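Tertiary structure, described
Next come the chains, spelled out residue by residue.
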Amino acid sequence: MRVYNTLSGKKEDFIPLEPGRVKIYVCGVTVYDYCHIGHARSAVVFDVVRRYFRYRNFDVRYVRNFTDIDDKIINRAKEEGIPWDEVARKYTEEYYRDMDALGIERADVEPRATEHIPEIIAMVKTLVDKGYAYEVGGDVYFEVKRFPGYGKLSKRSMDEMVAGARVEVDERKRNPLDFALWKAAKEGEPAWESPWGPGRPGWHIECSAMSMKHLGETFDIHGGGADLIFPHHENEIAQSEACTEKPFVRYWLHNGFITISKEKMSKSLGNFFTIREILDRFDPEVVRAFLLSTHYRSPIEFSEEQLIESEVSINRFYSTVMRVEVYLERMSGKTRKTAEEEMLREMLGGFRARFEEAMDDDFNTALAIGHMYELVREINRCLDSKPAGGSARELLTEAVEALRETGGVLNIFQRSPAQWHSSLLRTKKLPLTEEEINRRLSERREARRARDWQKADRIRDELQKAGIVLEDTPEGTVWRVKVGSE
RNA sequence: GGCGGCGUACCCAAGUGGCUAAGGGAGAGGUCUGCAAAACCUUUAUGCGCCGGUUCGAAUCCGGCCGCCGCCUCCA
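Residues numbered from 1 in each chain as written. Chains lettered and ligands numbered in written order. Predicted model: local features only at pLDDT ≥ 70, side-chain atom pairs only at ≥ 80, totals over all residues. Heavy atoms only, no water.

Attention shifts here to the protein's contact with RNA strand B. Neighbouring RNA strand B are 58 residues; Lys 72, Trp 203, Gly 225, Glu 374 and Arg 460 lie closest to it. In the environment of RNA strand B, a phosphate oxygen lies 2.8 Å from a nitrogen or oxygen atom belonging to the backbone of His 295. The separation between a sugar or linking oxygen of RNA strand B and a polar side-chain atom of Asp 384 is 2.8 Å. Of all the elements, helix α12 (residues 365-384) adds the most residues to the surface near RNA strand B, at nine residues. Partitioning the surface near RNA strand B into residue classes produces 15 nonpolar, 19 polar and 24 charged. (Near = heavy atom within 4 Å. Polar contact = N/O pair within 3.5 Å; in protein donor to acceptor, adjacent residues only side chain to side chain. Helix = DSSP H or I, 4+ residues; strand = E, 2+ residues; numbered from the N terminus. Nonpolar A, V, L, I, M, F, W, Y, C, P; charged D, E, K, R; others polar.)

Moving on to the pattern of salt bridges. Applying the stated criterion across every chain, the model contains 58 salt bridges. Across the salt bridge formed by Glu 105 and Arg 54, the nearest N and O atoms sit 3.2 Å from each other. Of this pair, Glu 105 sits in the loop between α3 (84-101) and α4 (117-129) while Arg 54 is found in helix α1 (residues 37-55), placing the two residues 51 residues apart along the sequence. Classification of Arg 54 by relative accessible area gives partly exposed; the value is 37%. When salt bridges with common partners are traced through the structure, they connect Asp 33, Arg 76, Glu 80, Lys 90 and Lys 267 into a single cluster. (Salt bridge = Lys/Arg side-chain N within 4 Å of Asp/Glu carboxyl O. Buried < 20%, exposed > 50% of the residue type's maximum accessible area, 1.4 Å probe, protein only.)

Strand order in the open sheet formed by four strands is β5-β6-β7-β8, and the pairing between neighbours is antiparallel. The open sheet is flanked by β5 (133-136) and β8 (199-201), the only strands paired with a single partner. Each adjacent strand pair in this sheet contributes to an overall mean axis angle of 20°, direction not counted. Sheet topology places strand β6 (residues 139-142) next to strand β7 (residues 179-184); three bridges connect them, and they run antiparallel. In the strand pairing of β7, Phe 142 is matched with Phe 179. (Pairing = 2+ DSSP bridges. Axes fitted to C-alpha atoms, helices over the stretch in contact; angles between N-to-C directions.)

A packed helix pair is summarised by two numbers, namely the angle formed by the two axes and the spacing between the axes. Where α12 meets helix α13 (residues 390-410), the closest approach of the two axes is 11 Å, and the angle between their N-to-C directions is 160°. The orientation of α12 with respect to α13, classified from their angle, is roughly antiparallel. Where α12 crosses over α13, the handedness of that crossing is left-handed. Of α13, the residues touching α12 (which contributes Thr 365, Ile 369, Met 372, Leu 375, Val 376, Ile 379, Cys 382 and Leu 383) are Leu 396, Ala 399, Val 400, Leu 403, Thr 406, Gly 407 and Leu 410. Counted by class, the contact of α12 with α13 contains twelve nonpolar, three polar and no charged residues. (Parallel < 35°, antiparallel > 145°, perpendicular 65-115°, else oblique. Left-handed = near helix turned anticlockwise from the far one by under 90°. Contact = heavy atoms within 4.5 Å.)

This part covers the domain arrangement of chain A. According to the domain assignment, chain A contains domain 1 (2-255), domain 2 (304-414) and domain 3 (420-481). If you average the C-alpha positions of domain 2 and of domain 3, the two centres end up 26 Å apart. Of the residues lining the interface, nine residues belong to domain 2; the matching set on domain 3 comes to nine residues. A combined buried area of about 870 Å² lies between domain 2 and domain 3, and 64% of that area is made up of carbon and sulfur atoms. Among the residues of domain 2 in contact with domain 3, Glu 311, Asn 315 and Met 322 are the three that bury the most area, contributing 48% of the side total. Ionic pairing is found between Glu 311 and Lys 428, a salt bridge with its closest N-O pair at 3.0 Å. (Domains from an automatic or database assignment. Buried area = accessible area lost by both parts, 1.4 Å probe.)

Printed below as a string of structure tokens:
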């Protein structure tokens, strides 16, 4: 496997610290507001990274934190007039609601900053004792110029940064780039006792303390959004390596941003969509497919049109599975070989290797999905050729199974066509129940049997207007929810 | 100002030295169908922002130019 390491700026062979095991830490969220689609991208991308390592038979230990104490949480608490820990609790719950819906698996360990205060204090103390940090009036700062490697991740020198600094100058800091490890509490703010007086941890220190506690002083992969490279991850490296005198992380992985009209989606620009706004109108599987349709390091433009395209793609998969199901139910027992059957067999033979080759190359999900749809087309070609017999049955079943299995790594393609369509019925808020649709279907079946095409077409048109498409096949009539611009 | 990235068909998007430049969407034509739908087939980039260069050979490497974006402040 090859992964792009932000630290080296190139793709590298992935060699785990311990053979067969991989330890991953991903920066989660600060729980002070609803998550937007950018948070979803990061969550989905690293969820897939984790699933792929597992597919590759690695023993994966996956840690993702919650920042549950921070200035933003304190401010939010003031705004809402509720205690700060109530804010954290509420938005942690909302996080789970969104991420569970998106099919993001829970991490093996989900540490919270407030549950690691002793570890954080111990680490800050070590840094002070070693002379990497200094205390000023109850605040403790990391002294950046004491750490020679500072800037190695974000590829800048300290001089450049100081020169172009837009950082507000704090007179108490020895250098504008020095960052807070511990912040003294102001009147009425949440606080924990420490050797420097009551206060709370700075933002960066929690990730160092928690990742090292749960994964060790050196671990394999640290991930997050590209906006965390500087200063967050740069600072994590400085304080962690200063503390342990060991390399902190072997591979740094960063996902690209979501853009709207080519501009980065962000809280401050206000051009963001929350996950639940999107899930109100699109199926979670569609959102995942959308987020994985572009390589994880590239920017991805968010638009309604793109989501609809993804919906059409996913629908294509389930339509094909439905075709296979219906076909196999009625397939005659006689054997009938076709050339297309052989072509499918051949394509299926190399399919997993192609999938793995794509994913091995820095998690190229876009290419992997491309291979999946090539297989979908070949399945359809095979069905069109109307093969029959046990080996054809086995082949079609295996092909669908291969798509489900590889789809499992991306957590797509996991439902039945019936589940997909009944879910679409709800997502699109169609004013029809499945019972009603089936009733109309049997009415139409009678009409067609009587060759009353007018009535049959009328029923079809009515359903079409209500968002349901009918397909008459030799094996009977099936219904689907209308997607895209049909 | 410093550092970095991107520019592939009507749209999205893979491809980073060598077979016909994946895949999806949209459009057009066709096969199938009672008619449709779905599916399949054909078709839509002699060319990968522009100009040079390296090479037997470049979308892919190098240089310049144009355009877009990101980071340097909280941010996934």
